[in-house]
Structures are given as C-alpha cells and as structure tokens.
Amino acid sequence: MLINTWYVVAASSDLNTEPKGVRALGQDLVLFRDRDGKAHCCGNTCIHRGGSLCDGKVVEGTLQCPYHGWRFDGAGACVEIPSNLPDAKIPKRGRIDSYPVKEQWGWIFAFLGDLPREEQPEIPDEDLFPEYYAQDKGSDAYAYVSGVFLFEANWVRAIDNVLDPAHAFHVHSAFGNLGNQFVPPFKVDVGSGHTLSRHRFAPVDKTGKWREEIPDDRGDADNQIQFHFPGMIFRNDMYPRPGMHHFVVSSYTPLNEYQTLSYFIHGRNFAKEDEHNEDGLKRVVNVMEEDQVILKKVKPLQMPLSTTEELLIEADSHLVEFRKKVKASEARGWRIDSKKIEGDEEHAWAIPSPARGADSKNWVLKPLPLREGKPKSAQAAE
Ligand code: FES
Ligand SMILES: [Fe+2]
C-alpha cells in the first residue's frame, strides 16, 4: 500500500453531522464536517489515551473525543482539554494528523501522505469525467447508477484486473466472447498521471433487457480503458455499437493488504428510464462479483516482487505500465511496510500527513513504517 496518493474514503452523502469512521491503508481514519459543512479527514486515534474519535461528537465544528472530551479542529490541532483550566496552554504535541480533502463526483477524496500542497498530484476532474459536469449543467444525456463494492483482494491485483482486456472473455458472461478471444495488439498511452488503452472486441450475445437495445448482429465493440494513478481512478468506456455508450468510473482504496473498496458510477446513454436502473446496477455488481471469485484466490495475494515470477504477455501491457507506476512510488519510499506492524498491539500508528512532512517533531503517534526507497539516480533508471 502506498502513501502520497488521493484515495476515495467515503461517499459525500454518507457524511452528515456525526463523525464517521473509515479505513484506508490499514489504518482507522475519521471524517467530520465543520460548521461550514467542509469535510475533514484525520487519524482516528486520540493522542491523549487512544480514544476512538469517530465514536465522539462534532461540537461547534470540532471533533470531540468520547473518552475525556478533548476537541480537535479540522487541521488536527487540539483546541480544548476540558480537565485543564480554560487558559492553560495546549501542549505542543496536542495535534493529530489531518489530511487534505476534496469532494468531487459525490465522493470524498483524502490525500493520505506527507507531501506539501504544491507537490500533491491533482485528482482528475473534468478531463476524466466530463459527463458529470455536463449533468450538473442540466444535461440528461446519461442515466446513472452508483454504489460501492468490497473486493476481497489486494489493491494492485484488483487494479491489474481492470486493466486486463483478456480476462473479460473467460470471466465475464456479459461481455466475454469465448468464440473469439484474440486481443488485437494495443498501444498504451502513458502520461505522468494516467495510462490509457483502446480495444476492439467481437460482440457477444446480450441477455435480458439490454438485448433489445444491443442487437447481436452489430459489429465489433470499442472499448477504452484509462487509469489515473495518483487518484486511483479507473474509467472504462464501452461502445457496444455506434451512438451507444456506457461507462464506469471507479475508485480503488486499499482498506488493508487484502481488501480493496471500490466506489463506482455507471453511466449509460440508452435505456435511460428509471426502470432500467436496477438492472444496470445488477450488471455492474455482477461483473465485480465475477472478478472477485478469481481475485480472491490468485497467488501470491499481493503483486509479486519480481516480474519474472509471472509470465506476462502483450495483452498484459496496460497493467505492466500501472505496475511501473507502483514501483516508481515504492522507489520514492512511499510503500508501507505492513509486515513490520502486523499484529503489533503496542503502538498506534499514523499515516504521515503534510503537517508532519513539514515538521516531523512533536507528534504523539509514530508514523507508519515505510519500506526504504531507492536513491534518486536509481529511480531515474527505473
Ligand atoms: S482519550 Fe481522547 S480525550 Fe482522553
Ligand atoms: Fe473483470
């Protein structure tokens, strides 16, 4: 699992006036809204004596610990210790880690890492999901369904899978075509923050309601796959026949090394009546469930350390580019050393925040151990 990346930690609609506990990168985090409704994300462990902050309350826009009532503002600063006299000074270490937050597409993104603002990557917005903004301006070109799916799988394995056009034939009843499994050679466009590939698939028989919309005698289907690395956002566009378009935008957040939470939005420019929503949602979830059956059992459960420990072929090119980005982040020293903390019940850990990056002293909790990166010269050679 990597720090210094944006992750979707909740749906906006799930965060109201109460604090909300969420998991990411193997840690407990707490979300809350201040008096202006602005969302904040902090470590969930109270630095006094370890109270679980998400079980407390929001009081005057601050987060109050359920144990002794210490309060923290959105920046993580302790602003009140009720058992002290009102004018007593708050100790310097009276702060918890607080992470930058952005709400977009109905999701709450948190930047989990210690890079200063100017070095934090941007989350893709209109460039990746223009339909969302068009809808905001009144367009009804697409109908949407959304939801969340928990993969019992490592995050790299889960993302590998969506960047892999070949598995569709074997795994997915809705768009796999066992009669023609050839994956034409494709190019992967690699940008600083994203990777993109385009594919053509021979059509497969549709079933149920979509059969009326997508006839069997159509030509090959176009398919485009994109992944935005620092946002951990995937987009898949499918054009079952000219003029017809449906797509999914989904996020990938490691809860721990073996579970990955995926928020998704599916848009379609056909069968737009509400009565088709249930069926549309079922189709998306069905695809994820079919993937999950496979992903749960791949070995090793995490990405192998060396590419020679798997036999990767041309059809794997997109996921190879993704893995290169993972490796580049690891080389920068951003990989959490999960083995070091497994089963350790004598420490509470903190995902390092930007404030900690700026000043590593005067914190109560230890930062998560990270695997050693590589010197800059070695990174450049990767
Ligand atoms: S443990 Fe949070 S206030 Fe004491
Ligand atoms: Fe799949």
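Rules of the game
- Residues numbered from 1 in each chain as written.
- Chains lettered and ligands numbered in written order.
- Predicted model: local features only at pLDDT ≥ 70, side-chain atom pairs only at ≥ 80, totals over all residues.
- Heavy atoms only, no water.
- Helix = DSSP H or I, 4+ residues; strand = E, 2+ residues; numbered from the N terminus.
- Rg over C-alpha atoms; globule rule 2.2 N^0.38 Å.
- Buried < 20%, exposed > 50% of the residue type's maximum accessible area, 1.4 Å probe, protein only.
- Contact = heavy atoms within 4.5 Å.
- Areas by Shrake-Rupley, 256 points an atom, 1.4 Å probe, with all protein chains shown as cover.
- Pairing = 2+ DSSP bridges.
- Axes fitted to C-alpha atoms, helices over the stretch in contact; angles between N-to-C directions.
- Donors = N, O, S within 2.8 Å, 3.2 Å for Na, K, Ca; no water.
- Tetrahedral: all angles 85-135°; square planar, octahedral: opposite > 155°, others 65-115°.
- Polar contact = N/O pair within 3.5 Å; in protein donor to acceptor, adjacent residues only side chain to side chain.
- Salt bridge = Lys/Arg side-chain N within 4 Å of Asp/Glu carboxyl O.
- Domains from an automatic or database assignment.
- Buried area = accessible area lost by both parts, 1.4 Å probe.
- Nonpolar A, V, L, I, M, F, W, Y, C, P; charged D, E, K, R; others polar.

1. Regarding the overall build of the protein chain
For the protein chain, the helix and strand inventory stands at nine helices and 21 strands. Taking 382 residues into account, the globule formula puts the C-alpha radius of gyration at 21 Å, and the protein chain, at 23 Å, falls close to it. Within the span of the protein chain, comprising 382 residues, buried residues form 52% of the whole. In the protein chain, 60% of the contacts between residues at least 6 apart in sequence involve partners at least 24 apart. Carbon and sulfur atoms provide 51% of the accessible area of the protein chain, an area that totals close to 18,400 Å².

2. Let's talk about the environment of Ile 96
With respect to the helices and strands, Ile 96 occurs in the loop between β8 (78-80) and β9 (98-99). The class of Ile 96 is buried, set by a relative accessible area of 3%. As for Ile 96 and Lys 137, which are separated by 41 residues in sequence, their C-alpha atoms are 39 Å apart. In this structure, Ile 96 is in contact with Cys 42, Gly 43, Thr 45, Ile 47, Leu 53, Phe 72, Ala 75, Gly 76 and Trp 363, ignoring residues within four places of it in sequence.

3. Let's talk about the environment of Val 320
Looking at the element boundaries, Val 320 is found in helix α6 (residues 317-331). For Val 320, a relative accessible area of 25% gives the class partly exposed.

4. Re the sheet that holds strand β10 (residues 101-104)
The strands making up a sheet are joined through hydrogen bonds of the backbone, oriented either antiparallel or parallel. Spatially, β1-β11-β10 is the arrangement adopted by the three strands of the open sheet, whose pairing is antiparallel. Edge positions in the sheet fall to β1 (5-11) and β10, since each has one partner strand and no second. Neighbour to neighbour, the strand axes of the sheet diverge by 30° on average, direction disregarded. Of the pairings in the sheet, the one linking β1 to strand β11 (residues 107-112) comprises six bridges and is antiparallel in character. Within the sheet, the bridge partner assigned to Tyr 7 lies in β11 and is Ala 110.

5. A look at the coordination of the iron ion (ligand 2)
In ideal tetrahedral geometry, four donors around a metal make angles of 109.5 degrees, whereas ideal octahedral geometry with six donors gives angles of 90 or 180 degrees. Protein-derived ligands of the iron ion (ligand 2) are His 167 (NE2), His 172 (NE2), Asp 291 (OD) and Asp 291 (OD), with the metal-ligand distances lying across 2.0 to 2.4 Å. Here the iron ion (ligand 2) is ringed by four donor atoms whose angles at the metal span 56 to 142°, and the overall shape comes out irregular. Written as a sequence motif, the donor residues of the iron ion (ligand 2) are H-x4-H-x118-D.

6. As for the environment of Ser 262
With respect to the secondary-structure elements, Ser 262 resides in strand β19 (residues 259-268). Using a relative accessible area of 0% as the deciding quantity, one classes Ser 262 as buried. Taking the C-alpha atoms as reference points, Ser 262 and Thr 308, 46 residues apart in sequence, are found 29 Å from one another. Ignoring any residue separated from it by four or fewer positions in sequence, one finds Ser 262 in contact with Gly 147, Val 148, Phe 149, Phe 151, Ser 250, Ser 251, Tyr 252 and Met 288. Within polar-contact distance, the side chain of Ser 262 engages the backbone oxygen of Ser 251 at 2.9 Å.

7. Focus: the pattern of salt bridges
Under the defined criterion, the tally for this structure stands at 19 salt bridges. A salt bridge links Glu 80 to Arg 71; the shortest N-O distance between them is 2.7 Å. Assessed through its relative accessible area of 13%, Arg 71 is described here as buried. Of the charged contacts, one joins Glu 321 and Lys 324 as a salt bridge, the two residues approaching to 3.2 Å between their closest N and O atoms. Linking Glu 321 with Lys 324, this pair stays in helix α6, spanning three residues, or about one helical turn. Exposure remark for Lys 324: the relative accessible area of 48% places this residue in the partly exposed category.

8. As for the sheet that holds strand β4 (residues 39-43)
Taken together, the four strands give an open sheet; going across it, the order is β2-β3-β4-β9, and neighbouring strands pair in antiparallel fashion. Either end of the sheet is taken by a strand with one partner, and the two such strands are β2 (20-24) and β9. Relative to β4, strand β3 (residues 27-33) runs antiparallel, the two sharing five bridges. When the bridges of β4 are listed, Leu 31 appears paired with Cys 41.

9. Considerations on the domain arrangement of the protein chain
For the protein chain, the assigned domains read domain 1 (1-123 + 337-382) and domain 2 (131-324). For domain 1 versus domain 2, the separation of C-alpha centres amounts to 31 Å. On the domain 2 side, the residues contacting the 23 residues of domain 1 number 22 residues. Of the roughly 1,800 Å² buried between domain 1 and domain 2, counting both surfaces, carbon and sulfur atoms make up 66%. Broken down residue by residue, the surface that domain 1 buries against domain 2 is led by Met 1, Trp 105 and Trp 107, which jointly contribute 36%. The tally of links from domain 1 across to domain 2 stands at zero salt bridges. At the boundary of domain 1 and domain 2, one finds six residue pairs in polar contact (both at pLDDT 80 or more). For the side of domain 1 that touches domain 2, the secondary-structure elements that each account for two or more residues are β1, β2 and β11. Within the side of domain 1 that touches domain 2, the residues separate by chemical class into 14 nonpolar, six polar and three charged.

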